[in-house]
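# Per-entry structural report
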Amino acid sequence: MELRIRGVSKTYPNGVQALKNVTLTIPAGMFGLLGPNGAGKSTLMRILATLQEPDEGSVYLGDVDVLH
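Residues numbered from 1 in each chain as written. Predicted model: local features only at pLDDT ≥ 70, side-chain atom pairs only at ≥ 80, totals over all residues. Heavy atoms only, no water.

## Observations concerning the pairing of strand β1 (residues 3-11)
Sheet analysis places β1 next to strand β2 (residues 17-26), joined by six bridges and oriented antiparallel. Residue pairing for β2: Arg4 is matched across the bridge by Thr25. Here β1 hands over to β2 after five residues, with Gly15 in that stretch at a positive phi of 95 degrees. (Pairing = 2+ DSSP bridges. Helix = DSSP H or I, 4+ residues; strand = E, 2+ residues; numbered from the N terminus.)

## Some thoughts on the layout of surface pockets
Here the largest pocket defines a volume of roughly 290 Å³. For the largest pocket, the lining is made up of 15 residues, of which Leu3, Ile26, Phe31, Gly32 and Leu48 are closest to its centre. Contributions of two or more residues to the lining of the largest pocket are made by β1, β2 and α1 (41-48). For the lining of the largest pocket, the residue count by class is 13 nonpolar, two polar and no charged. (1 Å grid on protein atoms, 1.4 Å probe; cavity = no way out; pocket = protein on both sides within 12 Å on 5 of 7 lines; lining within 4 Å. Points joined across faces, edges and corners; volume = space filled by probe spheres on them. Nonpolar A, V, L, I, M, F, W, Y, C, P; charged D, E, K, R; others polar.)

## Considerations on the sheet that holds β2
Two modes of strand pairing occur in sheets, parallel and antiparallel, and in both the strands are linked by backbone hydrogen bonds. Taken in spatial order, the four strands of this open sheet run β2-β1-β3-β4, and their pairing is antiparallel. The sheet is open, and its two borders are formed by β2 and β4 (64-65), each paired with just one other strand. Across the sheet, α1 lies against β1, β2 and β3 (56-61), angled at about 120 degrees from β1, the strand it touches most. (Contact = heavy atoms within 4.5 Å. Axes fitted to C-alpha atoms, helices over the stretch in contact; angles between N-to-C directions.)

## Some remarks on α1
Of all the residues in α1, the buried ones are Thr43, Leu44 and Ile47. Viewed end-on, α1 has its buried residues packed into an arc of 100 degrees, placing them on one side of the element. Buried residues belonging to α1 abut β1 and β2. Thr50 sits one or two positions beyond α1 and adopts a positive phi of about 60 degrees. (Buried < 20%, exposed > 50% of the residue type's maximum accessible area, 1.4 Å probe, protein only. Arc of directions from axis to C-beta.)

Following this line, the structure appears as structure tokens:
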């Protein structure tokens, strides 16, 4: 099942912009998420797991809107 992330952004109340307009299409399979500290990996994973809401954007797993 394909994961589609479109225009996801998140800015924390202290002004730190963790994600800015992230757009990815990830096909079925196993993938890793790599990047330096502070790159937004944990924020993106928390949004995908529905533990945190993005300021804007959409996430679809197949035809399912993950955020709604």
